[in-house]
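Chains, contacts and geometry: an overview
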Amino acid sequence: MLLAVNYGLNMKNKFTYLYSISTNKGIKEANEDCAFIGFNKSNQCLAIVCDGIGSEKQSDLASNLVIETFRNKFLKKPHIYFIKEWFKKVLFKASVQLNNIYKTKKKEIGTTLVLCLISNNNIYTFNIGDSRLYHFSMNEYKWKIMTKDHNLFNFLVDHHAPKLSFNAHQKNLLSLTNYIASSDLKQQHNKFNFVKFNVEYNDVIFLCSDGLYNFIDLPYISEVIRKCGMKRFNEIVPTIIQKSLDNHSNDNLSGIVIQFNKEKKLID
C-alpha cells in the first residue's frame, strides 16, 4: 500500500496547500485501494486514488503498480508542461507493466483511477472507472462532481438507450464499463475522462474511492474541515472514513482532501 504522509504544507506557489490523506481496508480482509500525494521540484502537486478490482485476489498489485508508475514519473520531472500527453504516456507504461503480470502470473486484475495534477490554480483531472473527484467552490459555496463514472448507467445515457434497456439492466447499472485491466493486452479500454478547471482561495478538492463516497454526505465533509481547521487538518480524511464505516461501508475506503489556502505559516 503506497501512502504519502497524511499532512502537508507547501508554500512555494500561488497557494498554500493543506492536505489530508488516508486509506483503510474497512471490513474487507485486505486493502486493494492505494493513495498518493506529492510535489515535484517546481511545486506542481500530484494526487491519486486507485481502487483495485479483479476476479482474483491481490488486486492491490494493480492499484499499487499504477500509482507507483505515476509517482516515479512525476517526481523525476522538474516540471510537466504538456500534462495530458504526459498522462497518456505514463498510463500506457503502467498498462504494459500490468499486462506483464497477466502474461507471467495469469492474474486477471485491474484498477480504477482518479488523478489530478495541480499547477498553481489549474486542476488537470483524469479518471478511469468510478473513483471520483469533487470540487467545493467557496464562491458558489457548493460541492460539484468533476469526474464521470465509467458505468453501465452512464453508457446507456450517452448512447440514448430506451427506458427498456435501463429496466432490463437495473441490477447492473453501476457495473464498470472501463478500468485499467491486466488482460487488456492492446490497452483497448484505456479510455479516460479529462477535465481542467480552476480553483480559488479556500476552495477544496476531494479525491475518493467508491467505498468512501457512497457512504458519506458531501456537506459532512465541509463540517469536518471547519471543525478540524489548520491545526488538525491531518484528521479530516480519517474522520470521514470513520463516518463511512459507521454508515456500514462494505468496501475499502480511500480519500485525499486538499484545501487551497492564503495562510503563509502553520498555526501552532
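Structure's up top.
Residues numbered from 1 in each chain as written. Predicted model: local features only at pLDDT ≥ 70, side-chain atom pairs only at ≥ 80, totals over all residues. Heavy atoms only, no water.

1. Quick look at the nonpolar core
Within the largest apolar cluster, 28 residues are counted, with the highest numbers of intra-cluster contacts made by Leu46, Phe70, Trp86 and Leu113. Those elements that provide at least two residues to this core are β3 (33–39), β4 (45–54), α1 (60–76), α2 (83–105), β5 (109–119) and β6 (122–128). Counting residues per element, this core draws most heavily on α2, at eight residues. The next biggest cluster of nonpolar side chains, apart from the first, holds 23 residues, and it includes Val204, Tyr213, Tyr220 and Ile240. (Core = buried A, V, L, I, M, F, W, Y, C linked by side-chain atoms within 4.5 Å. Buried < 20%, exposed > 50% of the residue type's maximum accessible area, 1.4 Å probe, protein only. Helix = DSSP H or I, 4+ residues; strand = E, 2+ residues; numbered from the N terminus.)

2. Some words on the packing of aromatic side chains
All told, the structure shown has 14 aromatic pairs when counted by the stated rule. Among the aromatic residues, ring-to-ring pairing joins Phe70, Trp86, Phe87, Phe126, Phe192 and Phe194 into one connected group. The aromatic ring of Tyr220 is capped on one face by Lys243, whose charged end is 5.4 Å from the ring centroid. (Phe/Tyr/Trp six-rings, centres within 6.5 Å; stacked < 30°, edge-to-face > 60°. Lys NZ or Arg CZ within 6 Å of the ring centre and 35° of its normal.)

3. Details of the packing of α1 against α2
When two helices pack together, you describe them by how their axes are tilted relative to each other and by the distance separating the axes. Relative orientation of the contacting elements α1 and α2 amounts to 140 degrees, with a least axis distance of 9 Å. As judged from the angle between their axes, α1 and α2 are oblique. Relative to α2, α1 is oriented so that their crossing is right-handed. On α2, the residues touching Ala62, Leu65, Val66, Thr69, Phe70, Lys73 and Phe74 of α1 are Trp86, Phe87, Val90, Leu91, Lys93, Ala94, Gln97, Leu98 and Ile101. Within the contact of α1 with α2, the residues separate by chemical class into 12 nonpolar, two polar and two charged. (Axes fitted to C-alpha atoms, helices over the stretch in contact; angles between N-to-C directions. Parallel < 35°, antiparallel > 145°, perpendicular 65-115°, else oblique. Left-handed = near helix turned anticlockwise from the far one by under 90°. Contact = heavy atoms within 4.5 Å. Nonpolar A, V, L, I, M, F, W, Y, C, P; charged D, E, K, R; others polar.)

4. Considering the environment of Cys50
With respect to the secondary-structure elements, Cys50 resides in strand β4. Given the relative accessible area of 0%, Cys50 is considered buried. A sequence separation of 80 residues divides Cys50 from Asp130, and the C-alpha atoms of the two residues are 9.7 Å apart. Setting aside residues up to four positions removed in sequence, Cys50 forms contacts with Glu32, Asp33, Cys34, Ser63, Val66, Ile67, Thr111, Thr112 and Leu113.

5. Looking at the pairing of β5
With 11 of 11 residues buried, β5 lies mostly within the body of the structure. Covered by surrounding structure in β5 are Ile109, Thr111, Leu113, Leu115, Leu117 and Ser119 together with Gly110, Thr112, Val114, Cys116 and Ile118, the residues of both alternating faces. The pairing of β5 with β6 spans seven bridges and is antiparallel. Considered in β6, the bridge of Leu115 is made with Phe126. Between the antiparallel neighbours β5 and β6 lie two residues, among them Asn120 with a positive phi of about 55 degrees. (Pairing = 2+ DSSP bridges.)

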